[in-house]
Amino acid sequence: MILVIALSALFYVVLGILYVKGYDAVKKHSPEHLPHFYLIMATIRMLLVATVVGLYVFFTENREDAIRFALLFIIMYVVMMVITLKLRH
């Protein structure tokens, strides 16, 4: 379970860094496109999270592990959204 948590945290750190760097680049070069950038990144993050959770649930035979992973991943998603919104807004 520790490996799953570490890989999940790494996943969100990478997503957060990409969001922050992308936000800075868009803000520097064309700030009028920031709302579009935010919506596109929110969609990409949501799809990636749903895909990872779906794949884990699909390939895991233990129902309790799948539920715990899904809850962990969704909680981490919410925390990431709060942190990135606080950092950039």
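Just above sits the structure.
Just so you know, these numbers come straight off a predicted model, no measurement behind them. (Residues numbered from 1 in each chain as written. Predicted model: local features only at pLDDT ≥ 70, side-chain atom pairs only at ≥ 80, totals over all residues. Heavy atoms only, no water.)

A few words now on the overall build of the protein. In terms of helices and strands, the protein carries three helices and zero strands. Reading the protein from its N terminus to its C terminus gives the helix and strand order α-α-α. Once the C-alpha set of the protein is aligned to its principal axes, its extents read approximately 50 × 20 × 15 Å. In the protein, which comprises 89 residues, the share counted as buried stands at 31%. The long-range share in the protein, meaning contacts at least 24 apart out of those at least 6 apart in sequence, stands at 68%. Split by element, the accessible area of the protein, about 6200 Å² in all, is 76% carbon and sulfur. Across the protein, the centroid of the 8 positively charged side chains sits 13 Å from that of the 5 negatively charged ones. (Helix = DSSP H or I, 4+ residues; strand = E, 2+ residues; numbered from the N terminus. Buried < 20%, exposed > 50% of the residue type's maximum accessible area, 1.4 Å probe, protein only. Contact = heavy atoms within 4.5 Å. Areas by Shrake-Rupley, 256 points an atom, 1.4 Å probe, with all protein chains shown as cover. Lys, Arg positive; Asp, Glu negative; His and termini not counted. Charge placed at Lys NZ, Arg CZ, Asp CG, Glu CD.)

What follows deals with helix 2 (residues 34-59). Over its 26 residues, helix 2 extends 37 Å from the first C-alpha to the last, a length consistent with the 38 Å expected when each residue adds 1.5 Å. For helix 2, the complete set of buried residues consists of L34, F37, M41, A42, R45, V49 and V53. (Expected span 1.5 Å × (residues − 1).)

What follows deals with the pattern of salt bridges. In this structure the tally under the stated criterion is one salt bridge. Notably, a salt bridge pairs R68 with D65, separated by 2.9 Å at the nearest N-O pair. Of this pair, R68 and D65 both sit in helix 3 (residues 63-88), three residues apart, which is roughly one turn of that helix. In this structure R68 comes out as partly exposed when scored by relative accessible area, which is 44%. (Salt bridge = Lys/Arg side-chain N within 4 Å of Asp/Glu carboxyl O.)

This part covers the side chain of T60. Take T60: it is sitting in the loop between helix 2 and helix 3. A distance of 2.6 Å separates a polar atom in the side chain of T60 from the backbone oxygen of Y56. Apart from the residues lying within four places of it in its own chain, the contact partners of T60 are D65 and A66. (Polar contact = N/O pair within 3.5 Å; in protein donor to acceptor, adjacent residues only side chain to side chain.)

As a packed pair, helix 1 (residues 2-29) and helix 2 sit with axes 10 Å apart at the nearest point and diverge in direction by 165°. The angle between the axes of helix 1 and helix 2 places the two elements in the roughly antiparallel class. As for how helix 1 packs across helix 2, the hand of that crossing is right-handed. On helix 2, the residues that touch V4, F11, Y12, L15, Y19, G22, Y23, V26 and K27 of helix 1 are L34, F37, Y38, M41, R45, L48, V49, V52 and Y56. (Axes fitted to C-alpha atoms, helices over the stretch in contact; angles between N-to-C directions. Parallel < 35°, antiparallel > 145°, perpendicular 65-115°, else oblique. Left-handed = near helix turned anticlockwise from the far one by under 90°.)

Now for the environment of S8. Along the chain, S8 turns up in helix 1. Spatially, the C-alpha atoms of S8 and F73 are 7.0 Å apart, while their sequence positions differ by 65 residues.

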